[in-house]
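Geometric and topological summary
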Amino acid sequence: VEVQCQEAQLVVTVHRDLFGNGRLVSAAELSLGPAACKHSRLDPAQKTVTFSTGLHECGSTVQITPDSLIYRTLLSYDPSPGSNPAIVRSNPAVIPIECHYPRRDNVTSGSIRPTWAPFNSVLASEERLLFSLRLMNEDWSSERDFSAFQLGDVLNLQAEVGAHSHVPLRLFVDSCVASLGPGAGSEPHYAIIDFNGCLVDGRSDATSSAFVTPRPRQDVLRFQIDAFRFAGDTRSLIYITCHLKVTPAEQSPDALNKACSFSKA
(Lines give C-alpha, C1' and ligand atoms only; values in the text may rest on other atoms or scores of the structure.)
Protein backbone atom coordinates (compact mmCIF):
# COMPACT_ATOMS: atom_id res chain seq x y z
CA VAL A 1 0.00 0.00 0.00
CA GLU A 2 1.50 3.33 -1.09
CA VAL A 3 0.35 6.57 0.54
CA GLN A 4 0.91 10.09 -0.77
CA CYS A 5 0.15 12.92 1.67
CA GLN A 6 -0.50 15.86 -0.61
CA GLU A 7 -1.34 19.45 0.28
CA ALA A 8 -5.10 19.03 0.36
CA GLN A 9 -5.76 15.37 -0.38
CA LEU A 10 -4.70 11.84 0.36
CA VAL A 11 -3.80 9.40 -2.44
CA VAL A 12 -3.70 5.70 -1.54
CA THR A 13 -2.54 3.18 -4.13
CA VAL A 14 -3.20 -0.48 -3.35
CA HIS A 15 -1.64 -3.37 -5.24
CA ARG A 16 -4.35 -5.95 -5.80
CA ASP A 17 -1.94 -8.68 -4.66
CA LEU A 18 -2.54 -7.24 -1.20
CA PHE A 19 -1.21 -10.21 0.78
CA GLY A 20 1.63 -11.16 -1.60
CA ASN A 21 0.19 -14.61 -2.24
CA GLY A 22 -0.66 -14.16 -5.91
CA ARG A 23 -4.41 -13.86 -5.29
CA LEU A 24 -5.69 -10.52 -6.60
CA VAL A 25 -8.35 -8.88 -4.45
CA SER A 26 -11.33 -7.24 -6.11
CA ALA A 27 -11.47 -3.43 -6.20
CA ALA A 28 -15.07 -3.66 -4.93
CA GLU A 29 -13.78 -5.35 -1.75
CA LEU A 30 -11.62 -2.33 -0.85
CA SER A 31 -12.86 0.89 0.78
CA LEU A 32 -11.36 3.90 2.49
CA GLY A 33 -12.37 5.40 5.85
CA PRO A 34 -15.39 4.89 8.11
CA ALA A 35 -17.55 6.29 5.29
CA ALA A 36 -16.41 3.37 3.07
CA CYS A 37 -15.43 5.54 0.09
CA LYS A 38 -14.86 3.62 -3.13
CA HIS A 39 -11.81 3.81 -5.38
CA SER A 40 -11.36 6.58 -7.92
CA ARG A 41 -9.12 4.74 -10.39
CA LEU A 42 -8.42 1.13 -11.44
CA ASP A 43 -5.28 0.25 -13.42
CA PRO A 44 -5.62 -3.27 -14.90
CA ALA A 45 -2.09 -3.20 -16.36
CA GLN A 46 -0.40 -2.33 -13.06
CA LYS A 47 -2.97 -4.31 -11.05
CA THR A 48 -3.50 -1.35 -8.72
CA VAL A 49 -6.49 0.39 -7.17
CA THR A 50 -6.19 4.10 -6.30
CA PHE A 51 -8.19 6.17 -3.80
CA SER A 52 -8.02 9.99 -4.06
CA THR A 53 -9.85 11.88 -1.33
CA GLY A 54 -9.73 15.17 0.53
CA LEU A 55 -8.01 15.12 3.92
CA HIS A 56 -11.31 15.76 5.72
CA GLU A 57 -13.40 13.33 3.64
CA CYS A 58 -14.45 9.69 4.06
CA GLY A 59 -14.70 10.00 7.85
CA SER A 60 -11.02 10.72 8.47
CA THR A 61 -10.06 12.19 11.84
CA VAL A 62 -7.51 14.88 12.66
CA GLN A 63 -5.36 15.20 15.78
CA ILE A 64 -3.62 18.47 16.63
CA THR A 65 -0.36 18.23 18.56
CA PRO A 66 1.96 21.12 19.44
CA ASP A 67 4.05 20.41 16.33
CA SER A 68 1.86 18.52 13.86
CA LEU A 69 -1.52 17.99 12.24
CA ILE A 70 -2.13 14.24 12.03
CA TYR A 71 -4.87 12.96 9.70
CA ARG A 72 -5.91 9.34 10.27
CA THR A 73 -8.07 6.99 8.23
CA LEU A 74 -8.39 3.26 7.51
CA LEU A 75 -8.08 1.14 4.39
CA SER A 76 -10.52 -1.77 4.71
CA TYR A 77 -10.55 -5.08 2.86
CA ASP A 78 -13.85 -6.92 3.18
CA PRO A 79 -13.79 -10.11 1.06
CA SER A 80 -17.05 -11.19 -0.50
CA PRO A 81 -18.22 -14.76 0.17
CA GLY A 82 -17.19 -17.31 -2.46
CA SER A 83 -19.42 -19.66 -4.35
CA ASN A 84 -19.58 -21.93 -1.31
CA PRO A 85 -20.64 -19.83 1.72
CA ALA A 86 -19.70 -22.64 4.11
CA ILE A 87 -15.97 -21.97 3.76
CA VAL A 88 -13.83 -18.83 3.96
CA ARG A 89 -10.59 -18.42 2.00
CA SER A 90 -9.63 -14.88 3.00
CA ASN A 91 -9.81 -12.82 6.18
CA PRO A 92 -10.88 -9.17 6.25
CA ALA A 93 -8.13 -6.65 7.00
CA VAL A 94 -7.91 -3.07 8.22
CA ILE A 95 -4.78 -1.00 7.49
CA PRO A 96 -4.34 2.26 9.44
CA ILE A 97 -3.12 5.25 7.41
CA GLU A 98 -1.67 8.48 8.77
CA CYS A 99 -0.51 11.75 7.23
CA HIS A 100 1.62 14.09 9.36
CA TYR A 101 1.89 17.78 8.51
CA PRO A 102 4.16 20.22 10.42
CA ARG A 103 2.29 23.11 12.03
CA ARG A 104 5.30 25.40 11.76
CA ASP A 105 7.53 26.03 8.75
CA ASN A 106 9.74 28.71 7.23
CA VAL A 107 8.28 31.17 4.74
CA THR A 108 10.68 31.68 1.83
CA SER A 109 8.44 33.07 -0.91
CA GLY A 110 9.27 36.70 -0.18
CA SER A 111 9.16 39.28 2.54
CA ILE A 112 6.09 39.60 4.73
CA ARG A 113 4.57 43.05 5.11
CA PRO A 114 2.95 43.37 8.52
CA THR A 115 -0.55 44.81 8.56
CA TRP A 116 -2.51 46.40 11.37
CA ALA A 117 -5.13 44.13 12.93
CA PRO A 118 -8.07 45.25 15.10
CA PHE A 119 -7.64 44.69 18.83
CA ASN A 120 -10.58 42.28 18.96
CA SER A 121 -9.02 39.85 16.46
CA VAL A 122 -5.68 39.92 18.26
CA LEU A 123 -7.42 39.18 21.53
CA ALA A 124 -9.35 36.28 19.98
CA SER A 125 -6.16 34.66 18.68
CA GLU A 126 -4.51 34.92 22.09
CA GLU A 127 -7.51 33.35 23.84
CA ARG A 128 -7.60 30.25 21.61
CA LEU A 129 -6.58 27.15 23.57
CA LEU A 130 -5.00 24.06 22.03
CA PHE A 131 -6.13 20.81 23.68
CA SER A 132 -4.51 17.43 23.01
CA LEU A 133 -5.04 13.85 24.20
CA ARG A 134 -2.26 11.38 23.41
CA LEU A 135 -1.32 7.75 24.06
CA MET A 136 2.14 7.82 25.69
CA ASN A 137 4.93 5.26 26.06
CA GLU A 138 5.76 3.55 29.35
CA ASP A 139 7.91 6.33 30.82
CA TRP A 140 5.69 9.17 29.49
CA SER A 141 8.66 10.65 27.57
CA SER A 142 7.00 10.63 24.13
CA GLU A 143 3.89 9.62 22.22
CA ARG A 144 3.47 5.87 21.74
CA ASP A 145 4.60 4.78 18.26
CA PHE A 146 1.81 2.24 17.81
CA SER A 147 -1.63 1.86 19.31
CA ALA A 148 -2.10 -1.93 19.46
CA PHE A 149 -2.63 -3.39 22.93
CA GLN A 150 -3.15 -6.81 24.48
CA LEU A 151 -5.55 -7.49 27.34
CA GLY A 152 -3.52 -6.97 30.52
CA ASP A 153 -1.64 -3.97 29.11
CA VAL A 154 -1.99 -0.50 30.62
CA LEU A 155 -2.86 2.54 28.48
CA ASN A 156 -1.01 5.75 29.40
CA LEU A 157 -3.11 8.76 28.35
CA GLN A 158 -1.91 12.35 28.65
CA ALA A 159 -4.23 15.33 28.33
CA GLU A 160 -2.62 18.72 27.80
CA VAL A 161 -3.56 22.29 26.96
CA GLY A 162 -1.34 24.80 25.22
CA ALA A 163 -1.91 28.15 26.87
CA HIS A 164 0.43 30.58 25.13
CA SER A 165 0.04 34.22 26.25
CA HIS A 166 -2.60 33.18 28.74
CA VAL A 167 -3.02 33.21 32.49
CA PRO A 168 -1.89 29.93 34.17
CA LEU A 169 -4.51 27.20 33.74
CA ARG A 170 -5.34 23.88 35.40
CA LEU A 171 -6.58 21.11 33.08
CA PHE A 172 -9.31 18.59 33.89
CA VAL A 173 -10.81 15.63 32.01
CA ASP A 174 -14.54 16.05 32.52
CA SER A 175 -15.56 12.78 30.84
CA CYS A 176 -14.24 9.97 28.66
CA VAL A 177 -16.35 7.40 26.79
CA ALA A 178 -15.12 4.33 24.92
CA SER A 179 -17.14 3.07 21.96
CA LEU A 180 -16.86 0.91 18.85
CA GLY A 181 -17.63 3.86 16.59
CA PRO A 182 -16.59 7.51 16.37
CA GLY A 183 -18.31 9.82 18.83
CA ALA A 184 -19.44 9.34 22.40
CA GLY A 185 -23.04 8.64 21.39
CA SER A 186 -22.50 5.42 19.43
CA GLU A 187 -23.56 2.07 20.88
CA PRO A 188 -22.28 0.13 22.68
CA HIS A 189 -20.32 2.53 24.86
CA TYR A 190 -18.54 2.45 28.21
CA ALA A 191 -17.84 5.38 30.54
CA ILE A 192 -14.19 5.59 31.63
CA ILE A 193 -14.42 9.03 33.29
CA ASP A 194 -17.78 10.45 34.42
CA PHE A 195 -19.41 12.72 37.01
CA ASN A 196 -17.19 15.74 36.16
CA GLY A 197 -13.81 14.08 36.54
CA CYS A 198 -14.24 10.74 38.35
CA LEU A 199 -12.28 7.84 36.82
CA VAL A 200 -15.12 5.36 37.25
CA ASP A 201 -13.18 2.60 35.43
CA GLY A 202 -11.13 2.29 38.63
CA ARG A 203 -14.10 1.14 40.74
CA SER A 204 -13.75 -2.49 39.63
CA ASP A 205 -11.61 -4.76 41.78
CA ALA A 206 -9.95 -6.12 38.63
CA THR A 207 -8.48 -2.79 37.47
CA SER A 208 -5.75 -0.41 38.55
CA SER A 209 -7.07 2.56 36.55
CA ALA A 210 -6.27 5.91 38.19
CA PHE A 211 -5.01 9.43 37.65
CA VAL A 212 -1.22 9.81 37.96
CA THR A 213 -0.06 12.06 40.80
CA PRO A 214 1.57 14.44 41.13
CA ARG A 215 0.90 16.29 37.88
CA PRO A 216 4.01 17.24 35.87
CA ARG A 217 2.38 20.66 35.36
CA GLN A 218 -1.02 22.16 36.15
CA ASP A 219 -1.89 22.23 32.43
CA VAL A 220 -1.11 18.49 32.04
CA LEU A 221 -3.13 15.57 33.43
CA ARG A 222 -2.12 11.92 33.10
CA PHE A 223 -4.20 8.82 33.73
CA GLN A 224 -3.85 5.07 33.24
CA ILE A 225 -6.53 2.57 32.28
CA ASP A 226 -6.31 -1.20 31.89
CA ALA A 227 -6.82 -2.45 28.33
CA PHE A 228 -10.26 -3.94 27.62
CA ARG A 229 -12.56 -4.97 24.81
CA PHE A 230 -16.33 -5.09 24.44
CA ALA A 231 -17.78 -8.49 25.36
CA GLY A 232 -19.52 -10.38 22.59
CA ASP A 233 -18.02 -8.25 19.81
CA THR A 234 -15.04 -9.29 17.69
CA ARG A 235 -14.05 -5.75 16.69
CA SER A 236 -10.77 -4.67 18.24
CA LEU A 237 -10.74 -0.98 17.21
CA ILE A 238 -11.95 1.14 20.12
CA TYR A 239 -12.58 4.90 20.01
CA ILE A 240 -12.06 7.00 23.15
CA THR A 241 -13.78 10.39 23.18
CA CYS A 242 -12.93 12.79 26.00
CA HIS A 243 -14.16 16.24 27.07
CA LEU A 244 -11.30 18.42 28.35
CA LYS A 245 -11.71 21.72 30.18
CA VAL A 246 -9.65 24.24 32.12
CA THR A 247 -9.98 26.54 35.11
CA PRO A 248 -7.65 29.29 36.34
CA ALA A 249 -4.73 27.61 38.12
CA GLU A 250 -5.38 29.52 41.34
CA GLN A 251 -8.98 28.22 41.53
CA SER A 252 -9.28 25.26 43.88
CA PRO A 253 -10.78 22.00 42.53
CA ASP A 254 -14.47 21.58 43.31
CA ALA A 255 -17.38 19.24 42.57
CA LEU A 256 -17.50 20.27 38.88
CA ASN A 257 -13.73 20.51 38.32
CA LYS A 258 -11.76 17.59 39.76
CA ALA A 259 -9.52 14.60 38.99
CA CYS A 260 -10.92 11.83 41.17
CA SER A 261 -9.48 8.30 41.45
CA PHE A 262 -11.15 5.54 43.48
CA SER A 263 -9.32 4.09 46.46
CA LYS A 264 -9.72 0.30 46.70
CA ALA A 265 -9.30 0.58 50.48
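All figures in this text were calculated on a predicted structure; none of them were measured in a lab. (Residues numbered from 1 in each chain as written. Predicted model: local features only at pLDDT ≥ 70, side-chain atom pairs only at ≥ 80, totals over all residues. Heavy atoms only, no water.)

Some thoughts on the pattern of salt bridges
Definition in use: Salt-bridge detection follows one rule: a side-chain nitrogen of Lys or Arg within 4 Å of a carboxyl oxygen of Asp or Glu. Think of it this way: any DSSP run of H or I at least four residues long counts as a helix, any run of E at least two long counts as a strand, and we number them from the N terminus. In this scheme, a residue with accessible area under 20% of its type's maximum is buried, one over 50% is exposed, and one in between is partly exposed, where area comes from a 1.4 Å probe on protein chains only.
As enumerated under the stated definition, the model contains six salt bridges in all. Glu98 is the partner of Arg72 in a salt bridge, and the nearest nitrogen-oxygen pair spans 2.8 Å. Taken as a pair, Arg72 in strand S7 (residues 68–77) and Glu98 in strand S8 (residues 93–102) lie far apart in primary sequence, 26 residues in all. Residue Asp219 pairs with Arg217 through a salt bridge whose shortest N-O separation is 2.9 Å. The class for Asp219 is buried, based on a relative accessible area of 18%. Arg217 sits in the partly exposed class, given a relative accessible area of 42%. One salt-bridge network, held together by shared partners, links Arg134, Glu160, Arg217 and Asp219.

Re unusual backbone geometry
Most peptide bonds adopt trans geometry, and most residues besides glycine take a negative phi value. That bond from Glu187 to Pro188 is cis: its omega, -5°, falls within 30 degrees of zero. Structurally, Pro188 is set in the loop between strand S11 (169–179) and strand S12 (189–193). Across the junction of Thr213 and Pro214, the peptide omega takes the value -5°, indicating a cis bond. In this model, Lys47 sits at a positive phi of 60°, which is unusual for a non-glycine residue. As for its placement among the helices and strands, Lys47 is situated in the loop between strand S4 (41–43) and strand S5 (48–54).

Considerations on the state of the cysteines
Where we set the bar: For this text, the term disulfide refers to a pair of cysteine sulfurs within 2.5 Å.
Under the defined criterion, the tally for this structure stands at three disulfides. Through a disulfide, Cys5 is tied to Cys99; the S-S separation comes to 2.0 Å. Taking the torsion about the S-S bond as the criterion, the Cys5 to Cys99 disulfide, at about -85°, is left-handed. Of this pair, Cys5 sits in strand S1 (residues 2–5) while Cys99 sits in strand S8, placing them 94 residues apart in sequence.

Re the nonpolar core
Here is a general trend for soluble globular proteins: nonpolar side chains tend to be buried in one another's company. Condition: For our purposes a nonpolar core is just a set of buried Ala, Val, Leu, Ile, Met, Phe, Trp, Tyr and Cys residues, chained together by side-chain atoms within 4.5 Å. Any two residues having at least one pair of non-hydrogen atoms within 4.5 Å are treated as being in contact.
By size, the foremost hydrophobic cluster in this structure holds 19 residues, and its most contacted members are Val173, Ile192, Ile193, Leu199, Phe223 and Ile225. Elements with a minimum of two residues in this core: strand S10 (154–162), S11, S12 and strand S14 (220–226). Those residues in contact with Ile192 that lie beyond four places of it in its chain are Cys176, Ala178, Cys198, Leu199, Val200, Asp201, Ile225, Phe228 and Ile240. Listed in part, the 18 residues of the second largest apolar core include Val12, Tyr77, Ile97 and Cys99.

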